[in-house]
Amino acid sequence: MEIYVLRLGHRIGRDQRISTHVALTARAFGAKGIYFTRSDKNLFESVRKVVETWGGDFFVETADWKRLITNFDGLKVHLTMYGLPLPEKIEEIKRAKKLLVVVGAEKVPKEVYELCDLNISIGTQPHSEVSALAVFLEKVLGVVFNLSFDNAKLKIIPSERGKKVLKVRDQ
Ligand SMILES: C[S@@+](CC[C@H](N)C(=O)[O-])C[C@H]1O[C@@H](n2cnc3c(N)ncnc32)[C@H](O)[C@@H]1O
């Protein structure tokens, strides 16, 4: 299954840190790439730097959200605390070959609820786009402990204490 993430409503400056975390979470938990509704040079550079250092071919791009959701040729899932609990729909979601996962920042436009195929909650309490995305990706894909990233410069050797990092290549 291929999963893409759409992050709605990034506010320059204010959302930089959490938007970076949304992107890094998407990458680390197995999504192919992330779309933002506006460009942010610093944010895009920091995500691309992580990809360069730690490998893989995760992409970060801008997109017009309405056009992306409308034209996406797969299942479109909006994460919202008002939606149906994930366990109720997980089998249907797992059958999809291609998935667009939409997460918000500030208030999400009403149209998003209509344009997406499913509105899905990760619990019915407010938390965060980062935690919602991580839980969703792990329940649906379940690859966080098995992923390996091609062409990494650095690789971590898991260890009981301290930090062991292997330099795999220079550039
Ligand atoms: C900080 S919340 C703000 C939501 C905003 N107040 C609204 O009403 O749309 C940012 C994003 O986190 C995600 N989120 C937060 N809690 C969630 C939950 N319980 N289930 C699913 N997604 C959640 C949603 O994608 C949401 O758009």
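So, here's what we can say about the structure. (Residues numbered from 1 in each chain as written. Predicted model: local features only at pLDDT ≥ 70, side-chain atom pairs only at ≥ 80, totals over all residues. Heavy atoms only, no water.)

1. Some words on the nonpolar core
Within the largest apolar cluster, 34 residues are counted, with the highest numbers of intra-cluster contacts made by V77, I93, L99 and F136. By residue number, the principal contributor to this core is helix α6 (residues 129–140), which donates 6 residues. Filtering out sequence-adjacent residues up to four positions away, I93 remains in contact with M1, L75, V77, L86, L99, L118, I120, F136 and V140. Within the second largest apolar cluster, 14 residues are counted, among which are Y4, A63, W65 and C116. (Core = buried A, V, L, I, M, F, W, Y, C linked by side-chain atoms within 4.5 Å. Buried < 20%, exposed > 50% of the residue type's maximum accessible area, 1.4 Å probe, protein only. Helix = DSSP H or I, 4+ residues; strand = E, 2+ residues; numbered from the N terminus. Contact = heavy atoms within 4.5 Å.)

2. Section: the side chain of T80
Structurally, T80 can be placed in strand β4 (residues 75–85). Other than its neighbours up to four places away in sequence, T80 contacts Y113, N119, I120 and S121.

3. Regarding the layout of surface pockets
Empty space among the atoms becomes apparent when a probe as large as a water molecule is rolled across them. Of the pockets and cavities examined, the largest pocket occupies roughly 460 Å³. Taken together, 23 residues line the largest pocket, and the ones lying closest to its centre are L79, T80, M81, G104 and V108. Contributing elements (two or more residues each) for the lining of the largest pocket: β4, α5 (110–115), β6 (118–121) and α6. Here the lining of the largest pocket gets 5 residues from one element, more than from any other, and that element is β4. Here the residues of the lining of the largest pocket are counted per class, giving 11 nonpolar, 8 polar and 4 charged. Of the volumes computed, that of the second largest pocket is approximately 390 Å³. (1 Å grid on protein atoms, 1.4 Å probe; cavity = no way out; pocket = protein on both sides within 12 Å on 5 of 7 lines; lining within 4 Å. Points joined across faces, edges and corners; volume = space filled by probe spheres on them. Nonpolar A, V, L, I, M, F, W, Y, C, P; charged D, E, K, R; others polar.)

4. Some details on a nonpolar patch on the surface
Side chains of I157, L166 and V168 sit close together on the surface and give an oily, nonpolar patch of about 240 Å² of accessible area. Tracing the sequence through the fold places V168 in the segment after β8 (165–167). (Patch = residues over 30% accessible without salt bridge, like charges linked within 9 Å, V, L, I, M, F, W, Y side chains within 5 Å. Areas by Shrake-Rupley, 256 points an atom, 1.4 Å probe, with all protein chains shown as cover. Salt bridge = Lys/Arg side-chain N within 4 Å of Asp/Glu carboxyl O.)

5. Things to note about the pattern of salt bridges
Using the criterion set out here, one finds 8 salt bridges in the structure. The salt bridge partner of E52 is K153, with a shortest N-O separation of 3.5 Å. You can see E52 sitting in helix α2 (residues 41–54) and its partner K153 sitting in the loop between α6 and β7 (154–156), a full 101 residues away along the chain. Linked through salt bridges whose partners overlap, the residues forming this network are R11, D15 and E106.

6. Considerations on the packing of aromatic side chains
Going through the model one piece at a time under the given rule, you end up with 4 aromatic pairs. Summarising the aromatic geometry, the rings of Y4 and F72 are spaced 6.2 Å apart at their centres and angled 65° between planes, so their arrangement reads as edge-to-face. Here F72 lies in the loop between α3 (65–71) and β4 and Y4 lies in strand β1 (residues 2–7), a separation of 68 residues in the sequence. The same class applies to Y4 and to F72, which are both buried. (Phe/Tyr/Trp six-rings, centres within 6.5 Å; stacked < 30°, edge-to-face > 60°.)

By themselves, these figures tell us nothing about what the structure is for.
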